[in-house]
Amino acid sequence: GSVIGILGGGQLARMTAIAAAQLGYKTHIFCPESDPSATHVSTYFTKSNYNNYSALDSFAKQVDVVTYEFENIMVEPVEYLTTKVAVFPDPKILKTCQDRVMEKTFIQSLDIPTAKFQSVESFEGLKSAIEKIGYPAILKSNTMGYDGKGQVKLTDSVDLEQAWKKVTSETSASKAILEQYIEFESEASVIVARGLDGSELTFPLVTNKHRNHILRQTIAPAQLPESLHRQAREIGNKIARSNGLVGVLAVELFVVKNQTTGDYQLLVNELAPRPHNSGHWTIEGCVTSQFEQLIRCVCGLPLGSVDLMKRITEEEYIQQQLPPIVMTNLLGAEVNSWEKTLQTKGSHLHIYAKGDAREGRKMGHITQLP
Ligand code: ATP
Ligand code: MG
Ligand code: MG
């Protein structure tokens, strides 16, 4: 049987490995941690830094295809692997998604709206960027940020020098992006999958609720007008097609209301070229999960149906106004209260078997079916 190589050993790699095993594939985890969550369910494990090229060489020989579970991985080792073995998604996409300025420039080039933004390369540059963007705004490190790290909201009462220091020191990035602050109605996301043959499917649009910049809950499908579901699908497909995606990619969105017309519109916040926390509900909620879909994509298999379970289409689901599926993350010590969910009908428990339940860490999740 074929072996799928995965760079990274966290819960995304773990759930991908489980999906791979179900389809009869073995997985080989490559990451620097000693007891990563994903190795408990995979066949092979190379414990190594990502920039250890001799370890990458032997990894490449042992796998048939490579994918990765996070977008902040160094891009050079991934590019290196492409000279030895097929790697999906293409590291070009990874590169775009790592760099917020490149990412937003790419999205706008497709005529898809984002918040207004300016690239900021120095403290002096920040002052002139604010003249263009205005207050309120968000300053984000251009690379390496996640879970809201390396971000500051700027209003006219915030000390700019301190904000600049915080953003650049938290992620040790030297560049930043200044974005217009969006007064959104809600946050949403759509996950698009594109196969080796170019076929595309998007999972239903979902609503995401964050607490302290960490995803708290996903409501699926999003209880939003059908026109937005259509818009989201078009956005997802356009992004996947135009960068030649093979694999899955999450598009984080802001739902905004046009104050004059009252119409809703979607703005793209950021992209993640991998399975996404807001897609965990698809394990039980969809005919094919985002993890199985990724495996199908990278192995050249046909894509699986993204219908909601019980084979009700998204349209029927929305028209019948069925209650949504709810995924809730178990953060930090919350993971210890898993027992009661075993007694709840329609509740599915997922524990990632990660050692240290430090505050805010994603330790597991629950998907509650209606
Ligand atoms: P992730 O963990 O999703 O990768 P991240 O650190 O890369 O997060 P973003 O997704 O860009 O950061 O921002 C985190 C959150 O901050 C968003 O989900 C949103 O709630 C808020 N946010 C980000 N950009 C803006 C904006 N321009 N206007 C208003 N709120 C924003
Ligand atoms: Mg991000
Ligand atoms: Mg985000």
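These numbers were taken from a predicted model, which means no experiment stands behind them.

**Remarks on the environment of V167**
Inference 1: Along the polypeptide, V167 turns up in helix α7 (residues 160-171).
Inference 2: By relative accessible area, V167 is classed as buried at 1%.
Inference 3: Ignoring sequence-local partners within four residues, the contact set of V167 consists of L139, K140, S141, G150, Q151, V152 and A176.

**As for helix α10 (residues 290-298)**
Inference 1: Burial of α10 is extensive: nine of the nine residues sit out of reach of the surface.
Inference 2: One or two residues past the end of α10 sits G300, with phi positive at roughly 70°.

**Brief notes about the side chain of T282**
Inference 1: In this fold, T282 is placed in helix α9 (residues 282-285).
Inference 2: Setting aside residues no more than four positions away along its own chain, T282 makes contact with F203, T288, S289 and Q290.

**Quick word on the coordination of the magnesium ion (ligand 2)**
Inference 1: Within the protein, the atoms that donate to the magnesium ion (ligand 2) are E270 (OE) and E270 (OE), at distances of 2.2 to 2.3 Å.
Inference 2: Between the magnesium ion (ligand 2) and the magnesium ion (ligand 3) the interatomic distance amounts to 3.8 Å, and E270 serves as a bridging ligand to the pair.
Inference 3: Within the fold, E270 resides in strand β15 (residues 264-272).

**Observations concerning the sheet that holds strand β9 (residues 176-180)**
Inference 1: With respect to topology, four strands assemble into an open sheet ordered β6-β9-β7-β8, the strand pairing being antiparallel. Pairing within the sheet leaves two strands with one partner each, and these edge strands are β6 (117-120) and β8 (151-154). Between one strand axis and the next, the sheet turns through 20° on average, direction left out of account.
Inference 2: As paired elements, strand β7 (residues 137-141) and β8 share four bridges and run antiparallel to each other. Residue pairing across strands places I138 opposite K153, the latter belonging to β8.
Inference 3: Sheet strands in contact with helix α5 (residues 100-109) are β6, β7, β8 and β9, and its direction is about 45° off that of β9.
Inference 4: Running at roughly 160° to β8, α7 makes contact with β6, β7, β8 and β9 of the sheet.

**Topic: the packing of aromatic side chains**
Inference 1: A full pass over the atoms with the stated rule returns five aromatic pairs.
Inference 2: Ring centres 6.2 Å apart and planes at 35° place the aromatic pair F30 and Y50 in the tilted group. Linking F30 in strand β2 (residues 26-31) with Y50 in the loop between β3 (44-47) and α2 (53-62), this pair joins segments that are 20 residues apart in sequence. Exposure class is identical for F30 and Y50. Each is buried.
Inference 3: Arranged with centres 5.9 Å apart and planes meeting at 50°, the rings of Y50 and F70 form a pair that is tilted. Of this pair, Y50 sits in the loop between β3 and α2 while F70 sits in the loop between β4 (65-68) and α3 (75-81), and the two are 20 residues apart along the sequence.
Inference 4: For Y50, a relative accessible area of 11% gives the class buried.

**Overview of the nonpolar core**
Inference 1: L7, V66, L81 and W281 are the most contacted members of the largest nonpolar core, which totals 55 residues.
Inference 2: Looking at this core, you find at least three residues from each of domain 1 (3-87) and domain 3 (186-368).
Inference 3: Discounting residues that sit within four places of it in the chain, L81 has contacts with L7, L56, F59, A60, V66 and V87.
Inference 4: Counting 25 residues, the second largest nonpolar core, distinct from the first, contains C97, L205, A240 and L245.

**Side note on the site of ligand 1**
Inference 1: Among the 20 residues in the neighbourhood of ligand 1, the closest are listed as K140, D147, G148, Q151 and E187.
Inference 2: At 2.7 Å, a side-chain N or O of Q151 approaches an oxygen atom of ligand 1.
Inference 3: Relative to its unbound accessible area of 610 Å², ligand 1 is 92% covered by the protein chains.
Inference 4: Residue assignment for the shell around ligand 1 shows that the elements contributing at least two residues are β7, β9, β14 (247-257) and β15.
Inference 5: Grouping the constituent residues of the shell around ligand 1 by class yields six nonpolar, seven polar and seven charged.
Inference 6: Formed jointly, the shell around ligand 1 draws a minimum of three residues from each of two domains, domain 2 (116-180) and domain 3 (186-368).

**Things to note about the domain arrangement of the chain**
Inference 1: Parsing the chain into structural domains produces domain 1 (3-87), domain 2 (116-180) and domain 3 (186-368).
Inference 2: For domain 1 versus domain 3, the separation of C-alpha centres amounts to 23 Å.
Inference 3: Contacts between domain 1 and domain 3 engage 18 residues on the former and 20 residues on the latter.
Inference 4: Of the roughly 1700 Å² buried where domain 1 meets domain 3, counting both sides, 69% is carbon and sulfur surface.
Inference 5: Ranking the residues of domain 1 by area buried against domain 3 places Q11, M15 and E71 at the top, with a combined share of 31%.
Inference 6: On inspection of domain 1 and its partner domain 3, the count reaches one salt bridge.
Inference 7: A salt bridge links E71 to R274; its shortest N-O distance comes to 2.4 Å.
Inference 8: Applying the counting criterion to the domain 1 and domain 3 interface returns four residue pairs in polar contact (both at pLDDT 80 or more).

Cut-offs applied
Residues numbered from 1 in each chain as written. Chains lettered and ligands numbered in written order. Predicted model: local features only at pLDDT ≥ 70, side-chain atom pairs only at ≥ 80, totals over all residues. Heavy atoms only, no water. Helix = DSSP H or I, 4+ residues; strand = E, 2+ residues; numbered from the N terminus. Buried < 20%, exposed > 50% of the residue type's maximum accessible area, 1.4 Å probe, protein only. Contact = heavy atoms within 4.5 Å. Donors = N, O, S within 2.8 Å, 3.2 Å for Na, K, Ca; no water. Pairing = 2+ DSSP bridges. Axes fitted to C-alpha atoms, helices over the stretch in contact; angles between N-to-C directions. Phe/Tyr/Trp six-rings, centres within 6.5 Å; stacked < 30°, edge-to-face > 60°. Core = buried A, V, L, I, M, F, W, Y, C linked by side-chain atoms within 4.5 Å. Domains from an automatic or database assignment. Near = heavy atom within 4 Å. Polar contact = N/O pair within 3.5 Å; in protein donor to acceptor, adjacent residues only side chain to side chain. Areas by Shrake-Rupley, 256 points an atom, 1.4 Å probe, with all protein chains shown as cover. Nonpolar A, V, L, I, M, F, W, Y, C, P; charged D, E, K, R; others polar. Buried area = accessible area lost by both parts, 1.4 Å probe. Salt bridge = Lys/Arg side-chain N within 4 Å of Asp/Glu carboxyl O.

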